Amino acid sequence: MTTAAALAAPRDPALGPRLALTLVALVLLWPAVQIAEFNPLTLLEPKNLSAMARFLGTFFPMALSADFLHLVARSALETLALATAGMALAIALGFPLAIAVSESLSISRIGPARGAWLGPLARAPVRGLLILMRSIPEIVWALLFVRAVGLGPAAGVLAIAINYAGMLGKVYFEIFEAGDTRPARAILESGGGRVNAFFYGVVPVALPEIVSYSVYRWECAIRASVVMGFVGAGGLGQQMELSIRMLNGGEVSTMLVVFLLLVLVADVISALLRKVLR
Amino acid sequence: MKLLLADARIEFSGGRRALDGVALEVARGERVAVIGPSGAGKTSLLRVLGTALRPSAGSVAIDGADPWSLPRSALRRLRARIGAIYQSPPLPPRQRLVTAVLAGRLGAWGFWKGLASLVYPADIAGARAALARLEVSERLFDRCDRLSGGQLQRVGVARALYQRPELILADEPVSSLDPQLADLTVGELNREARSRNVTLVASLHAVDLAMKWFPRIVGLRAGAVQFDCPPMRVSQAMLRDLYATESGEIPTQDYRPLERPQPGPRAASGSQPLCR
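Below, the structure is looked at part by part. Predicted model, so just to flag it, every value in this text is computed and none were measured. (Residues numbered from 1 in each chain as written. Chains lettered and ligands numbered in written order. Predicted model: local features only at pLDDT ≥ 70, side-chain atom pairs only at ≥ 80, totals over all residues. Heavy atoms only, no water.)

Now for the nonpolar core. Core analysis: the biggest nonpolar cluster contains 121 residues, and Tyr164 and Leu236 of chain A together with Ile35, Phe214, Ile217, Phe227 and Leu239 of chain B have the highest contact counts within it. For this core, the element with the most residues is helix 9 (residues 194-229) of chain A, which contributes 17 residues. Core analysis: the next-biggest nonpolar cluster, separate from the first, contains 30 residues, Val26, Val60, Trp68 and Leu78 of chain B among them. (Core = buried A, V, L, I, M, F, W, Y, C linked by side-chain atoms within 4.5 Å. Buried < 20%, exposed > 50% of the residue type's maximum accessible area, 1.4 Å probe, protein only. Helix = DSSP H or I, 4+ residues; strand = E, 2+ residues; numbered from the N terminus.)

In structure tokens, the structure reads:
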């Protein structure tokens, strides 16, 4: 390359930072793999392979007696109801929290106006609350609420509501900020309030993402409700815990198939909603 | 609304100056066109007048009061009386025209009426009338993303008209319209301003449009007012200076040659190149 050509095409200034970032990611990843004692080759050792095969072998034949299927259907319905009620509460809690921490809905940020420094100060405790809600795993919330409202699905509903509201609040807020924030800002700049700016300026921009993420979370809630069933919060999980304890692999595999179907349904609903909202 | 800027400066982090000491006084009901090359600070000027941007130095007064020392609620009420039109209208693609236009009055309506209007549009007739003035009313229940750029820009204008503000700030309101529709739109803004004694400040790319419709032309260059004159006294030399083009090209619609009104006797003397 001649000097003239080098002058004509300057080097991309993003090259350095990109290389550095890749290097940092690799350097950070290595100790993580070490600490997690991750060695894929152990999976392929004959001793371990046969142990896994034996475990999976107990899953067959599947339990298909009418009595058991009836029981599973009831539990599945309970799980579905638990996850749905929990999600509804989580959404109702998550939206106001997301609106509260959203910077693009801050009126004092325009200008910036007098007292604009108060905004981040007021948002900080709400962000802290969101972190608290989602950093404590739902199973711990479930253990807490089982003590308050007793064994059964109600504890699971509350656990999902609190834990998922923390996650939804954070992700909703990130969805709001990632989209086009000018419509909301234009409404604030013409004297509109925060909530109206949200409904007129943010929702129409972010709705498909909000819906698709919420449905995905609902799917996660169905899975989470199983884990919580292990600590007595009802639904399929409680049933699965019994079957595992009684070493009845056939029943476990039947319930896993029901599970697969539930997640499949969630997937279909998500795809349908996305199509409708496009 | 009455506007007053004194030595207004906007400095962004990094030291770039968008406004470099602008003094401007606009009386109630006055109609002002701001022209100047791209990057001259036209948008910043309009945003300062619309209380969307706070000057880093100097002062701004709207109806005699500094908006930035008003209490929160008073500032919001003030903003509800200012209608802004943007070069690319900030309308959500999925929103229907009727909702987008009605959103203009959110500042005046308040919380509950705003929410109720999402359930059923509060003023379909009003939205339709505003859109009709810009010849897009037949799309009332269409979504914004079904419109062309030019139609969308007119929806943005319709929203500002529906707001019934006392100050209209239009930032390149006709940049994606053909000359005929541009004329209709700028004309509609001027009619609104004249009939309701509304103050109108518009930045325009096309000098001929500015000269045709506005009794006062402000030339902005490098964040400073270069001239502030009635169109009669804006000379070809002043425009060439403003745009500082070697070819002597002055931006007009479709590059049509600029037809200037006959200069009056005072302009011919050239004793006062900056007019004000």
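What follows covers the packing of helix 4 (residues 66-101) of chain A against helix 10 (residues 235-245) of chain A. Residue and element names in this part refer to chain A. Put simply, helix 4 and helix 10 touch, their axes get as near as 6 Å, and they point 135 degrees apart. The pairing of helix 4 with helix 10 is recorded here as oblique in orientation. Touching Leu71, Val72, Ser75, Ala76, Glu78 and Thr79 of helix 4 are Gly235, Leu236 and Gln239, all from helix 10. A breakdown of the residues in the contact of helix 4 with helix 10 according to their chemical character gives 4 nonpolar, 4 polar and 1 charged. (Axes fitted to C-alpha atoms, helices over the stretch in contact; angles between N-to-C directions. Parallel < 35°, antiparallel > 145°, perpendicular 65-115°, else oblique. Contact = heavy atoms within 4.5 Å. Nonpolar A, V, L, I, M, F, W, Y, C, P; charged D, E, K, R; others polar.)

A word on the packing of aromatic side chains. For the structure shown, the criterion picks out 8 aromatic pairs over all chains. Seen in terms of ring centroids, Phe95 of chain A and Phe198 of chain A are 5.8 Å apart; in terms of plane orientation they differ by 65 degrees. Their pairing is edge-to-face. One end of the pair, Phe95 of chain A, is in helix 4; the other, Phe198 of chain A, is in helix 9, with 103 residues separating them in the sequence. For Phe198 of chain A, a relative accessible area of 2% translates into the label buried. Between Phe111 of chain B and Trp112 of chain B, the ring centres sit 4.8 Å apart and the planes meet at 85 degrees, which makes this aromatic pair edge-to-face. By relative accessible area, which is 67% here, Trp112 of chain B ends up exposed. (Phe/Tyr/Trp six-rings, centres within 6.5 Å; stacked < 30°, edge-to-face > 60°.)

Each partner contributes to the interface: chain A provides 29 residues, whereas chain B provides 35 residues. Counting the surface lost from both chain A and chain B, the interface buries some 2,600 Å², and carbon and sulfur atoms represent 52% of this. Counting the contacts that link chain A with chain B gives 1 salt bridge. Here Glu189 of chain A makes a salt bridge to Arg47 of chain B, at a shortest N to O gap of 3.7 Å. Remark: the boundary between chain A and chain B carries 11 residue pairs in polar contact (both at pLDDT 80 or more). Contributing elements (two or more residues each) for the side of chain A that touches chain B: helix 8 (182-189) and helix 9 of chain A. When residues in the side of chain A that touches chain B are grouped by element, the largest group, 9 residues, is from helix 9 of chain A. (Buried area = accessible area lost by both parts, 1.4 Å probe. Salt bridge = Lys/Arg side-chain N within 4 Å of Asp/Glu carboxyl O. Polar contact = N/O pair within 3.5 Å; in protein donor to acceptor, adjacent residues only side chain to side chain.)

A few words on the sheet that holds strand 4 (residues 57-62) of chain B. Residue and element names in this part refer to chain B. Pairing within the open sheet is antiparallel, and its 3 strands lie in the order 2-1-4. The open sheet has two edge strands with one neighbour each: strand 2 (17-26) and strand 4. On average, each strand axis in the sheet is tilted by 20 degrees relative to the strand beside it, whichever way the strands run. Pairing geometry for strand 1 (residues 3-11) and strand 4, over 5 bridges, is antiparallel. Pairing of Arg9 across the sheet is with Ala57, part of strand 4. (Pairing = 2+ DSSP bridges.)

Residue and element names in this part refer to chain B. Read from one edge of the open sheet, 6 strands run 5-6-7-3-8-9, paired in mixed fashion. Each having just a single partner strand, strand 5 (82-85) and strand 9 (224-229) make up the two edges of the open sheet. Going across the sheet, the axis of each strand differs from the next one's by a mean of 15 degrees, ignoring polarity. Relative to strand 9, strand 8 (residues 216-221) is paired through 5 bridges, and the arrangement is antiparallel. Its bridge partner lying in strand 9, Gly219 is registered against Phe227. Contacting strand 3 (31-35), strand 5, strand 6 (167-171), strand 7 (199-203) and strand 8, helix 1 (residues 42-49) crosses the sheet at an angle of about 160 degrees to strand 6. Relative to the sheet, helix 7 (residues 149-163) contacts strand 5 and strand 6, its axis offset from that of strand 5 by approximately 175 degrees.

The next thing to look at is the pattern of salt bridges. In total, this model carries 22 salt bridges over all chains according to the counting rule given. Close ionic contact of Asp180 of chain A with Arg182 of chain A constitutes a salt bridge, the shortest N to O distance being 3.8 Å. Its relative accessible area of 33% is what places Arg182 of chain A among the partly exposed residues. When the shortest N-O distance is used, the salt bridge between Arg9 of chain B and Asp20 of chain B registers 2.8 Å. Remark: Asp20 of chain B occurs in strand 2 and Arg9 of chain B occurs in strand 1; sequence separation between them is 11 residues. Here Arg9 of chain B falls in the partly exposed class, since its relative accessible area comes to 29%. Salt bridges here are not isolated pairs; linked through shared partners, they connect Asp7, Arg9, Glu11, Arg17 and Asp20 of chain B.

All names here are of chain A. On the surface, Phe60, Met62, Leu64, Leu69, Val257, Leu261, Leu264, Val268 and Leu272 cluster together into a nonpolar patch covering about 840 Å² of accessible area. Ranked by residues supplied to the nonpolar patch, first place goes to helix 11 (residues 249-277) with 5 residues. Turning to its location among the elements, Leu64 is positioned in the loop between helix 3 (46-57) and helix 4. With a relative accessible area of 56%, Leu64 lands in the exposed category. (Patch = residues over 30% accessible without salt bridge, like charges linked within 9 Å, V, L, I, M, F, W, Y side chains within 5 Å. Areas by Shrake-Rupley, 256 points an atom, 1.4 Å probe, with all protein chains shown as cover.)

This next bit is on the environment of Ala224 of chain A. Among the structural elements, Ala224 of chain A can be located in helix 9. In the structure, Ala224 of chain A is positioned 20 residues away from Pro204 of chain A in sequence and 30 Å away in space, judged by C-alpha atoms.

Turning next to the side chain of Arg31 of chain B. Residues and elements named next belong to chain B. With respect to the helices and strands, Arg31 occurs in strand 3. Buried charge without a salt bridge: Arg31, with Glu30 as the nearest opposite-charge side chain at an N-O distance of 9.1 Å. Side-chain polar atoms of Arg31 contact the side chain of Asn190, separated by 2.7 Å. Of the polar contacts made by the side chain of Arg31, one reaches the backbone oxygen of Trp213; its length is 3.1 Å. Leaving out residues up to four positions away in the same chain, Arg31 has contacts with Asn190, Ala193, Arg194, Leu200, Trp213, Phe214, Pro215 and Arg216. (Lys, Arg positive; Asp, Glu negative; His and termini not counted.)

Since one α-helical turn is 3.6 residues long, residues separated by three or four positions face the same way. Residue and element names in this part refer to chain B. Buried within helix 6 (residues 124-133) are the following residues: Gly126, Ala127, Ala130 and Leu131. One side of helix 6 holds all its buried residues, which, seen down the axis, span an arc of 130 degrees. The inward-facing, buried residues of helix 6 abut helix 3 (97-102) and helix 7. In the segment just after helix 6, Glu135 is the residue with positive phi, at about 60 degrees. (Arc of directions from axis to C-beta.)

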